[in-house]
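Working through the structure, step by step
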Amino acid sequence: MDDLVIARSLFGTTMGFHIIFATLGVGIPLMILCAEILFQKTKDPDYAIMARRWTKGQAVLLGVAIPTGTIAGVQLALLWPGFMEVIGKVMALPFQIEIYAFFVEALFMSIYVYAADRISPKMRIFSVFLVLLGASASAVLITNVHAFEGTPAGFRIENGEIVDTDPWAAFFNPSFFISAAHVAVSAYMTGAFMICTISAFKMLKNRKNERVYSFHKKALMLSLVIGGIFSLLTALNGHESAQMLHEYQPEKLAAAEGLFETQDYAPLAIGGFTDKETQEIKYAIEIPWALSFLAGNSFKTEVIGLNDFPEEYWPPLFIHTLFNGMVLIGSFLIFLSIAGFFWKKILKKPRFPKLFMYAFVIAGPLSLLSIEFGWIFACTGRQPWVIYRVLATKDVVTGSTQIGTLFILFSLIYVILGIAVLLVLKYYFKRHPVENELDLNT
Amino acid sequence: MTTDSLLAITVLWGFVFIYAVMATMDFGAGFWSMIYINKEKTKATNIANRYLSPTWEVTNVFIVAIVIALVSFFPGATFILGTVLLVPGSLILILLALRSGFLVFSHVAKDYVKALTYVSGISGFIIPALLMLVLPITHGGYIEEVNGVHQLRFDVLLTSPNIYAFIGFAISSTLFLSSLLLADYSNVAEEPEAYRVYRRDALITGPISLLMGILIMLTLRVEANWLYVKMLNDLPILIGSVIAYLIAGLALFIPSAKHKKRIGRPRLAVIAITIQYLLASYVYGRAHLPYMIYPDVTIESGFTHPNTFRALFMTYIVGFLILFPGFFYFWKLFMKDKRYLKQNES
Ligand code: HDD
Ligand code: HEM
Ligand code: HEM
């Protein structure tokens, strides 16, 4: 394998691993905050127990989120020195401001975890709020660098030199708000559905134990409400993201939809595989005119096809599948949370049927899968560019040649950390079952 | 050298200094809690852990802050440094990841605390050794250009006495500074047992780290003479730094002001040692200028775009104004609050 491929694999693996913990690090604090606020409002001690237990879990997850994030940050400079040189000159602001966000999160997470018994309830809520703010801000800011890669702004390259640098114009690049919002709301939704998974699983296991069952049911309902709201926002904003691609990275949208010929009244293809030879999508369901409407809110919108671009600029065609996966999961989860809420609050049924429960159990992993799909789609779909139409990935990769060994070493570390974090979580929650805490309160 | 680039390198240097002190403490505490894990009688392990639990996350942000400051202020240096440091940098990252991960896990999974403590203890002195390598690598002689690609010459690196002096210094001063700080911390926490242990450790590791410092100078003279000569230009400050070191040593022997039976004033020693490190690293840093990587990159040639620098500097000011109250509150809760310092459970 050539070094570029190994470097990309290494970085992609790092990010794919970090993102799991980073996303939960944004989403779970929102759930903790909601539980804390509900506790102050209802005085129902179950919510205080939820907040405490989720915080414990989150503190363990941070033990992986932070070191893998540190790896990601340093690896950017180690693997893509040419990229970071440009970023340092033009797009340093989000990285710099992100540091402050990290500080806010780190300081107040330590305070919330280690000093919880010494600060007032108000201060506790304020601390979790700052943790949430810090985590969300770091997600938004790092996404901004990614947005800049897709829609660069604020500089020109003239004879290999960077000129006309305007760091704030780069910061507020055209896709910043849309991308950042998408990442933030999808993280909130993932945090909620992860809680949904856990509580549904526990409900299935504790059908007989009414006290434990009702504790988890409260958590489930909370997660359905939050998850429902944010999955809806994710989809609405995803629609805007697609329109943004239509405007700024048309070949990415074309590849995502497997569209080869430029046309108006373009159809939307769902499922199937893009065939390069015959220039069509095999085994797909086609919805006539829908793509045009999606891209420009009108059936007449002309959507540019891949054939209008030189083939060397084509993104890999399998991103069609990733895009479909993301959209499908997103739609399913919206449906699931609305249906669950309807069943419980409108029809007022006391228990969910089994099938419903199984769907709740897989909601969290599906949501995480969707995050992975989305990122691989966004990053791989940008290829061959690292900064769209400005800098090719192959021109920025490190000149060192020992990356293969490092790839193996880092992968090994991720496996170790991944297994360890699961074991530690299992160990802790086995040792401290929720029954114990519930008993104390009754 | 323009004022802008000087300002930038000063900020970077400041981060490195703060990280050096905080990380030393962090790594050293991990090491000591491993050493004293079997001694139930002394609270030495507890003390180290109580310090370590809330601070490692904040400390870790500083290493990220250094990398970001380097990349954003001196993108020109990033290219070469990023390329040559791929291997040592990756090793550091792997160890750091293992260490932070297992440190957190050990607080939660109490049954495995021993095994986990060994991971964080052993990495606690390997990481500083590797981190310290970055300094001599910038002194020149270890980097060569092959087909336009900068490469680290591991053969030269592994056979250089100067490198080993730096490694020795990194380890010994990590242990020295951390035992000194822990002595102070346990003194404030009213743990005389632990205080006695850490004071003794400081007295052993202190002279070793001074020796290593001298070894660095001796080997520097041969291997990076340009730096050695320039450092000697500031001889008076260097002498001042040695004096501060002696004051610190002395402070550990004079009787305590508050307690009749206790010997030593650890707070004074900590302050004197901090001054000593400040002076010594000032001399080193000043002699290093204008080079970032000798002789390829100067702070001028690696400097970022002036517009970017101005925008960055603005965020620094705003950022610190916002963060300062947070740091203060944190310090009050964990470093000063008697309820936290004295609690029995870590
Ligand atoms: C729970 C996760 C999740 C869900 C359900 C969705 N997305 Fe998404 N999507 C992401 C998580 C995500 C992400 C991982 O956060 C990405 C990767 C890069 C980015 O900015 O956000 C992303 C990127 C992304 C992009 C590419 C942006 C780019 O290339 O820069 C588009 C066009 C969409 N999404 C559109 C959608 C649509 C139409 C959805 C309909 C339901 C949808 N997403 C659901
Ligand atoms: C957080 C979730 C992310 C995931 C899962 C992810 C995934 C990936 C993957 C799989 C690749 C390899 C692409 C390929 O080989 O086709 C890649 C490349 C890359 N990504 Fe991302 N990425 C993420 C976020 C980001 C962000 C926020 C940035 C901006 C700072 C970024 C910048 C890059 C760069 C510079 C490359 C290397 C060049 C390239 O192959 O495009 N990534 N990423
Ligand atoms: C959209 C994708 C990402 C999200 C949502 C995200 C979010 C997070 C979160 C919540 C943390 C924990 C922060 C803390 O507790 O201090 C974190 C840590 C970190 N992330 Fe990511 N991150 C993403 C991608 C990246 C990328 C691409 C990089 C590299 C450039 C990166 C660099 C870091 C670093 C350096 C840390 C450690 C900070 C520390 O030392 O505390 N992240 N990230």
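In the nomenclature of an unreviewed UniProt entry, chain B is known as Cytochrome d ubiquinol oxidase subunit II of Metabacillus niabensis. Quoted straight from UniProt, the Subcellular location (unreviewed entry) entry for chain B says "Cell membrane". Checking UniProt for chain B, the heading Sequence similarities (unreviewed entry) contains the comment "Belongs to the cytochrome ubiquinol oxidase subunit 2 family."

By the naming in an unreviewed UniProt entry, chain A goes by Cytochrome d ubiquinol oxidase subunit I and is assigned to Metabacillus niabensis. Quoted verbatim from the Sequence similarities (unreviewed entry) heading of the UniProt record, the comment on chain A is "Belongs to the cytochrome ubiquinol oxidase subunit 1 family." If you open the UniProt record of chain A and go to Subcellular location (unreviewed entry), you find "Cell membrane".

This part covers the overall build of chain A. Secondary structure assignment for chain A yields 15 helices and eight strands. Relative to the globule expectation of 22 Å for 442 residues, the C-alpha radius of gyration of chain A, 23 Å, shows essentially globular dimensions. When each of the 442 residues of chain A is scored for burial, the buried share is 59%. Long-range contacts, defined as pairs at least 24 residues apart, comprise 77% of the intrachain contacts of chain A with a sequence gap of at least 6. On chain A, roughly 18,400 Å² of surface is accessible, and the fraction owed to carbon and sulfur atoms is 67%. One finds the centroid of the 34 positive side-chain charges in chain A at a distance of 20 Å from the centroid of its 34 negative side-chain charges.

Before going further, it helps to examine the overall build of chain B. A count of helices and strands for chain B gives 13 helices and four strands. Rg of the C-alpha trace for chain B: 21 Å, near the compact-globule value of 20 Å for 346 residues, within the 12% margin. Principal-axis analysis of the C-alpha atoms gives chain B an extent of 60 × 40 × 40 Å. Partitioning the intrachain contacts of chain B with sequence separation of at least 6 by distance along the chain shows that 77% fall at a separation of at least 24. Surface accessibility of chain B: about 14,800 Å² in total, with carbon and sulfur atoms responsible for 70%.

Glancing now at the pairing of strand E2 (residues 149-152) of chain B. Consecutive residues of a regular strand have side chains that alternate between opposite faces of the sheet. Residue and element names in this part refer to chain B. Residues His 150 and Leu 152 line the buried face of E2, whereas the alternating positions Val 149 and Gln 151 sit on a face that is not buried. Note: strand E1 (residues 143-146) against E2, four bridges, orientation antiparallel. Residue pairing for E2: Ile 143 is matched across the bridge by Leu 152. Hairpin connection between E1 and E2: a loop of two residues separates the two successive antiparallel strands, and Asn 147 in this loop has a positive phi of roughly 50°.

Protein coordination of the iron atom of ligand 3 is limited to a single donor, A:His18 (NE2), which sits 2.2 Å from the metal. If you trace the backbone, A:His18 turns up in helix H1 (residues 3-42).

This part is about the interface of chain B and chain A. Counting residues at the interface gives 66 residues for chain B, matched by 63 residues for chain A. Contact between chain B and chain A buries roughly 5,800 Å² in total, counting both sides, with carbon and sulfur atoms accounting for 77%. For the pair chain B and chain A, the interface holds zero salt bridges. Linking chain B with chain A are eight residue pairs in polar contact (both at pLDDT 80 or more), by the criterion used here. The element contributing the most residues to the side of chain B that touches chain A is helix H2 (residues 44-73) of chain B, with 16 residues.

Below, the discussion takes up the coordination of the iron atom of ligand 2. Exactly one protein atom donates to the iron atom of ligand 2; that atom is A:Cys379 (SG), 2.3 Å from the metal. Its place among the elements puts A:Cys379 in helix H12 (residues 354-380).

Take the packing of helix H8 (residues 210-248) of chain A against helix H9 (residues 250-257) of chain A next. Residues and elements named next belong to chain A. Running from N to C, H8 and H9 cross one another at 125°; their axes reach a closest spacing of 5 Å. The angle between H8 and H9 falls in the class oblique. Touching Ala 242, Leu 245, His 246, Glu 247 and Tyr 248 of H8 are Pro 250, Lys 252 and Leu 253, all from H9. Residue composition of the contact of H8 with H9, grouped by class: five nonpolar, one polar and two charged.

Residues A:Trp54, A:Trp80, A:Phe83, A:Phe360, B:Phe74, B:Phe105 and B:Met292 are the most contacted members of the largest nonpolar core, which totals 189 residues. When residues in this core are grouped by element, the largest group, 18 residues, is from helix H2 (residues 45-79) of chain A. If sequence neighbours within four positions are ignored, B:Phe105 has contacts with A:Val60, A:Val64, A:Ala420, A:Val421, A:Val424 and B:Leu116. Counting 28 residues, the second largest nonpolar core, distinct from the first, contains B:Trp32, B:Val197, B:Leu252 and B:Ile273.

A few words now on the site of ligand 2. Residue and element names in this part refer to chain A. Around ligand 2 sit 19 residues in total, of which Arg 8, Glu 149, Cys 379, Arg 382 and Gln 383 are the nearest. Residue Thr 380 places a side-chain N or O atom 3.2 Å away from an oxygen atom belonging to ligand 2. Within the side chain of Arg 382, one N or O atom sits 3.0 Å away from an oxygen atom of ligand 2. If you list the elements that add at least two residues to the shell around ligand 2, you get H1, helix H5 (121-150) and H12.

Residue and element names in this part refer to chain A. Burial analysis of H9 places eight of its eight residues in the buried class, which makes it a mostly covered element. Every buried residue of H9 is listed here: Pro 250, Glu 251, Lys 252, Leu 253, Ala 254, Ala 255, Ala 256 and Glu 257. At its buried positions, H9 is contacted by H8, strand E3 (268-270), strand E5 (280-282), helix H10 (290-296), helix H11 (319-346) and H12. Immediately beyond the C-terminal end of H9, within one or two residues, lies Gly 258, with a positive phi of roughly 60°.

Taken together, 25 residues are adjacent to ligand 3, and A:His18, A:Gly69, A:Leu76, A:Glu105 and B:Asn60 come closest. Each of chains A and B places residues near ligand 3. At 3.1 Å, a side-chain N or O of A:Glu105 approaches an oxygen atom of ligand 3. In this structure, an oxygen atom belonging to ligand 3 sits 2.6 Å away from a side-chain N or O atom of B:Asn60. Put simply, the parts of the chain that give the shell around ligand 3 at least two residues each are H1, H2, helix H4 (92-114) and H5 of chain A together with H2 of chain B. Residue contributions to the shell around ligand 3 peak at eight residues, all from H2(A).

Rules of the game
- Residues numbered from 1 in each chain as written.
- Chains lettered and ligands numbered in written order.
- Predicted model: local features only at pLDDT ≥ 70, side-chain atom pairs only at ≥ 80, totals over all residues.
- Heavy atoms only, no water.
- UniProt positions renumbered as here; feature names shortened; annotations may be inferred.
- Helix = DSSP H or I, 4+ residues; strand = E, 2+ residues; numbered from the N terminus.
- Rg over C-alpha atoms; globule rule 2.2 N^0.38 Å.
- Buried < 20%, exposed > 50% of the residue type's maximum accessible area, 1.4 Å probe, protein only.
- Contact = heavy atoms within 4.5 Å.
- Areas by Shrake-Rupley, 256 points an atom, 1.4 Å probe, with all protein chains shown as cover.
- Lys, Arg positive; Asp, Glu negative; His and termini not counted.
- Charge placed at Lys NZ, Arg CZ, Asp CG, Glu CD.
- Pairing = 2+ DSSP bridges.
- Donors = N, O, S within 2.8 Å, 3.2 Å for Na, K, Ca; no water.
- Buried area = accessible area lost by both parts, 1.4 Å probe.
- Salt bridge = Lys/Arg side-chain N within 4 Å of Asp/Glu carboxyl O.
- Polar contact = N/O pair within 3.5 Å; in protein donor to acceptor, adjacent residues only side chain to side chain.
- Axes fitted to C-alpha atoms, helices over the stretch in contact; angles between N-to-C directions.
- Parallel < 35°, antiparallel > 145°, perpendicular 65-115°, else oblique.
- Nonpolar A, V, L, I, M, F, W, Y, C, P; charged D, E, K, R; others polar.
- Core = buried A, V, L, I, M, F, W, Y, C linked by side-chain atoms within 4.5 Å.
- Near = heavy atom within 4 Å.

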